[in-house]
Amino acid sequence: QRCQIQHPPFSSFHNASLASVSLSSKLNDPSLLTDWGPQGKGDFSTFEVNDPAAPDNVIAEVPSLHEIVNESLESANSALESHWRDGTTASHRASLLTEWSRLMLQEDTLKDLATIMTLESGKPMAESMGEIKYAASFLDFYAGEAIRSDNA
């Protein structure tokens, strides 16, 4: 039985724009900006994210973290209890984490994620790319840990 993983609700951007140019037009895969949550559980309050280089430019509107954190915790707990812990093997969990890392590090996806991070935080593109690679290394590490005999 395969484990179904839903996209995290905290990755939500709505009609982002920067200097009258749509953020999605700067990406190879605009679906990275798709509203993935909160899975029909009502409207959530939002706040604006401004371009650090031009504070008057709103580049995104994102859900309030308080509501998203609660939704994410409920979703994670439900997934753990319903199928992740007992419905998957250690090998399958490792393969899911490895695939997630692989997808993040694909050239176009890496550039897109770095573009979003750079526009949101103002850090240089090279630093954003390095941070995404670093994040992917954690997925690889825990994929390895998932199949260790003392953690399986």
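As the structure is a prediction and not an experimental result, all values here were calculated from the model.

Overview of the overall build of the protein chain
Step number 1: The secondary structure content of the protein chain amounts to four helices and four strands.
Step number 2: What you see in the protein chain, going N to C, is helices and strands ordered as β-β-β-β-α-α-α-α.
Step number 3: When each of the 152 residues of the protein chain is scored for burial, the buried share is 32%.
Step number 4: Long-range pairs, those at least 24 residues apart, make up 57% of the contacts in the protein chain with a sequence separation of at least 6.
Step number 5: For the protein chain, the exposed area adds up to about 9,600 Å²; of that, 54% sits on carbon and sulfur atoms.

Remarks on the nonpolar core
It is characteristic of soluble globular proteins that their nonpolar side chains tend to be buried jointly.
Step number 1: Formed by Ala94, Leu97, Met104, Leu110, Ala114, Met117, Ile132, Ala136, Leu139, Ala143 and Ala146, the largest nonpolar core amounts to eleven residues.
Step number 2: When contributions to this core are tallied by element, the ones reaching two or more residues are helix 2 (90-105), helix 3 (107-121) and helix 4 (125-146).
Step number 3: The dominant element in this core, judged by the number of residues it contributes, is helix 4, at five residues.
Step number 4: Contacts of alanine 94, omitting those with residues within four sequence positions, involve Ala143, Ala146 and Ile147.
Step number 5: If you look at the next biggest cluster of nonpolar residues, it comprises ten residues, including Leu27, Leu33, Ile59 and Val62.

Focus: the pattern of salt bridges
Step number 1: Scanning the model with the defined rule gives four salt bridges in all.
Step number 2: With its nearest N and O atoms 3.5 Å apart, the salt bridge here joins arginine 148 to glutamate 145.
Step number 3: Taking the relative accessible area as the measure of exposure, arginine 148 reaches 41% and is therefore partly exposed.

Quick notes on the confidence of the model for the protein chain
Step number 1: A residue-level look at the protein chain finds 76% of positions with pLDDT of 70 or above and a mean pLDDT of 77.
Step number 2: Predicted confidence is poor over residues 1-21, with pLDDT under 50, and the contacts of this stretch with residues over four places away or in other chains come to 52 contacts.

Focus on a nonpolar patch on the surface
Step number 1: Taken together, the side chains of Phe47, Leu65, Val69 and Leu73 make up a nonpolar region of the molecular surface, amounting to roughly 380 Å² of accessible area.
Step number 2: A total of three residues in the nonpolar patch trace back to one element, the largest contributor, which is helix 1 (residues 65-87).
Step number 3: Classification of phenylalanine 47 by relative accessible area gives partly exposed; the value is 38%.

The rules behind the values
Residues numbered from 1 in each chain as written. Predicted model: local features only at pLDDT ≥ 70, side-chain atom pairs only at ≥ 80, totals over all residues. Heavy atoms only, no water. Helix = DSSP H or I, 4+ residues; strand = E, 2+ residues; numbered from the N terminus. Buried < 20%, exposed > 50% of the residue type's maximum accessible area, 1.4 Å probe, protein only. Contact = heavy atoms within 4.5 Å. Areas by Shrake-Rupley, 256 points an atom, 1.4 Å probe, with all protein chains shown as cover. Core = buried A, V, L, I, M, F, W, Y, C linked by side-chain atoms within 4.5 Å. Salt bridge = Lys/Arg side-chain N within 4 Å of Asp/Glu carboxyl O. pLDDT = per-residue confidence, 0-100. Patch = residues over 30% accessible without salt bridge, like charges linked within 9 Å, V, L, I, M, F, W, Y side chains within 5 Å.

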